[in-house]
Amino acid sequence: MGRLFGTDGVRGVAGTELSCELAMELGRAAAFVLTKHVSHRPKVIIGKDTRISSDMLEGALLAGLCSVGADVEILGVVPTPAVAYLVNRYDADMGVMISASHNPVEYNGIKLFNHEGYKLSDSIEDEIEAIILGEHKPYTLTDGLALGRVSHSQKAVEDYVSHLLGTIPGDLSGLRVAVDCANGSASATAGLLFEKCGAAVTFLHNTPDGGNINLNCGSTHMDSLRAELQKGGYDAGVAYDGDADRCLMLDSQGSLVDGDQVLAIVGQHLQQQGKLPGGALVVTILSNMGLTAFAKEQGMTTVATKVGDRYVLEEMRENGYAIGGEQSGHTIFLEHATTGDGELTSLQVLHIVKESGKSLETLANQMKKYPQQSVNIKADAAQKQLFESDPEIQSQVQKAEDSLQGEGRIIVRVSGTEPLIRVLAEGKDETKTRETATALASWIEQRIKK
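Residues numbered from 1 in each chain as written. Predicted model: local features only at pLDDT ≥ 70, side-chain atom pairs only at ≥ 80, totals over all residues. Heavy atoms only, no water.

Enquirer: Explain helix H11 (residues 342-356) to me, and be specific about the residues and the numbers.
Expert: Its 15 residues give H11 an end-to-end C-alpha distance of 21 Å, which sits within 8% of 21 Å, the value for a rise of 1.5 Å per residue. Within H11 the residues assigned to the buried category are Gly342, Glu343, Leu344, Thr345, Ser346, Leu347, Gln348, Val349, Leu350, His351, Ile352 and Val353. The backbone nitrogen of glutamate 343 has a side-chain oxygen 3.1 Å away, supplied by the residue at the start of H11, namely aspartate 341. Looking at the residues trailing H11, positive phi occurs at glycine 357, about 75 degrees. (Helix = DSSP H or I, 4+ residues; strand = E, 2+ residues; numbered from the N terminus. Expected span 1.5 Å × (residues − 1). Buried < 20%, exposed > 50% of the residue type's maximum accessible area, 1.4 Å probe, protein only. Polar contact = N/O pair within 3.5 Å; in protein donor to acceptor, adjacent residues only side chain to side chain.)

Now the structure itself:
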């Protein structure tokens, strides 16, 4: 990838790193690249999350898109997967989502989807980036009646929720659920969704004010959701992130049910129904070793990709697999969606809970997780580059893995969305795993910050 696009679109501190000028140029370049082969007036849809900068960036994108003759339909506050679904339903040429997902409020991002609702390939992103960074601009600015027009969707939330409801038979009546909307995009859709599916729901963090998105809530901060479940009487807790493309869950006792366990639950269910092509779950290299062991026990297999739901999706599409995802809660149901979808995930799991008559705890605990320890190291671009080029660091990583004596593994990688280097250790011995990760992270931090 280049200097602008990370693993999930263009991100940065809104207003400075992700400026209005950059957003406007991105709109122009993306419209040119994605619609240069269409013979009609281009149509683009735009959705956004609830952070304070989303309106500002929406305005800049609008200016860029309309200035090259693209018509724009504004969806308002919706989840990222709503944009991915509606771009095809509304017969648009491109979809844009303004969100920095689980990141703090000062960040924002711009994600692009093609006319089929899929995230852009690396090559298309590189083409857009070359236009933005280059001196020659291949697009033509328009004027008069050739300028793009702007309209506002009145049915985006309703259409998206109807789509979600159509993915499960029956309803969720009889279940009691606590739902944390992260003061983000799910605040606009989850109320209608759960009202129509019949579950008894207590909502948390569904009153966004522009500054409280992901603030001590959502899938990255689940203490308040856990406290609600400890009041008793709940079947499950559901936590979305800021743009609702991921979902983590808690069982009735407040124990975490992560993305790996979701894949185990849903994969087993699909396998039993004969609806799991190749008997395969598509995972990433960060997925717990316990998921691979569980899959083998159940007559399934796991196919591992690089980190990032885009790579999971690529593998699924190339080989016809039905389900894949990440431990962090991005789960892709290719029959129903073109990207990770938190609300869809929660519906699917809760449907299995109701249909099976088993508790979420029972279903999740069929997969035995190996202890994992993650440590994040703050690193700027230069420090990330040093990490990737320094042979001494790679040697130290190998030594750390060797110390686990064949009963674990070490993965160290540069984050594509945040200024971090991530260290993950996994093994059968919890104490040894924790100590190894901590020691290695400390060594790497000293090395890159000399």
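Enquirer: So what's going on with the pairing of strand S4 (residues 71-77)? Which residues, and what values?
Expert: Burial runs high along S4: six of the seven residues are buried. Two strands pair when backbone bridges link them, and strand S3 (residues 43-48) and S4 are joined in this way by six bridges, in the parallel orientation. From the neighbouring strand, lysine 43 faces S4, where its bridge partner is aspartate 71. Taken together, S3, helix H2 (residues 54-67) and S4 constitute a β-α-β crossover, and its handedness is right-handed. (Pairing = 2+ DSSP bridges. Right-handed = clockwise from strand over helix to strand, strands pointing away.)

Enquirer: Before we move on, can you summarise the packing of helix H1 (residues 20-35) against helix H4 (residues 122-133) with the specific residues and values?
Expert: With their axes 9 Å apart at the nearest point, H1 and H4 run at an angle of 125 degrees to one another. The orientation of H1 with respect to H4, classified from their angle, is oblique. Relative to H4, the crossing made by H1 is right-handed. Where H1 approaches H4, its residues Leu22, Glu25, Leu26, Ala29, Ala30, Phe32, Val33 and Leu34 are matched on the opposing element by Ile124, Glu127, Ile128, Ile131 and Ile132. Split by residue class, the contact of H1 with H4 holds eleven nonpolar, no polar and two charged. (Axes fitted to C-alpha atoms, helices over the stretch in contact; angles between N-to-C directions. Parallel < 35°, antiparallel > 145°, perpendicular 65-115°, else oblique. Left-handed = near helix turned anticlockwise from the far one by under 90°. Contact = heavy atoms within 4.5 Å. Nonpolar A, V, L, I, M, F, W, Y, C, P; charged D, E, K, R; others polar.)

Enquirer: Could you give an account of empty space enclosed by the protein, with specific residues and numbers?
Expert: In this structure the tally under the stated criterion is one cavity of 30 Å³ or more. In this model, the largest cavity occupies a volume close to 50 Å³. Lining the largest cavity, in full, are Asp8, Gly9, Lys111, Leu112, Lys119, Leu120, Glu125 and Arg310. A class-by-class count of the residues in the lining of the largest cavity yields two nonpolar, one polar and five charged. (1 Å grid on protein atoms, 1.4 Å probe; cavity = no way out; pocket = protein on both sides within 12 Å on 5 of 7 lines; lining within 4 Å. Points joined across faces, edges and corners; volume = space filled by probe spheres on them.)

Enquirer: Describe H2, and please don't skip the residues or the numbers.
Expert: With 14 residues, H2 extends 20 Å from end C-alpha to end C-alpha; this agrees with the ideal 20 Å at 1.5 Å per step. With ten of 14 residues buried, H2 is to be regarded as a mostly interior element. Along H2, the residues that are buried comprise Ser54, Leu57, Glu58, Ala60, Leu61, Leu62, Gly64, Leu65, Cys66 and Ser67. Where the residues of H2 are buried, they touch H1, S3, S4, strand S5 (94-98), strand S6 (107-113) and strand S7 (150-152). Looking one or two places after H2, you find glycine 69, whose phi comes out positive at around 90 degrees.

That is the geometry; function is a separate question.
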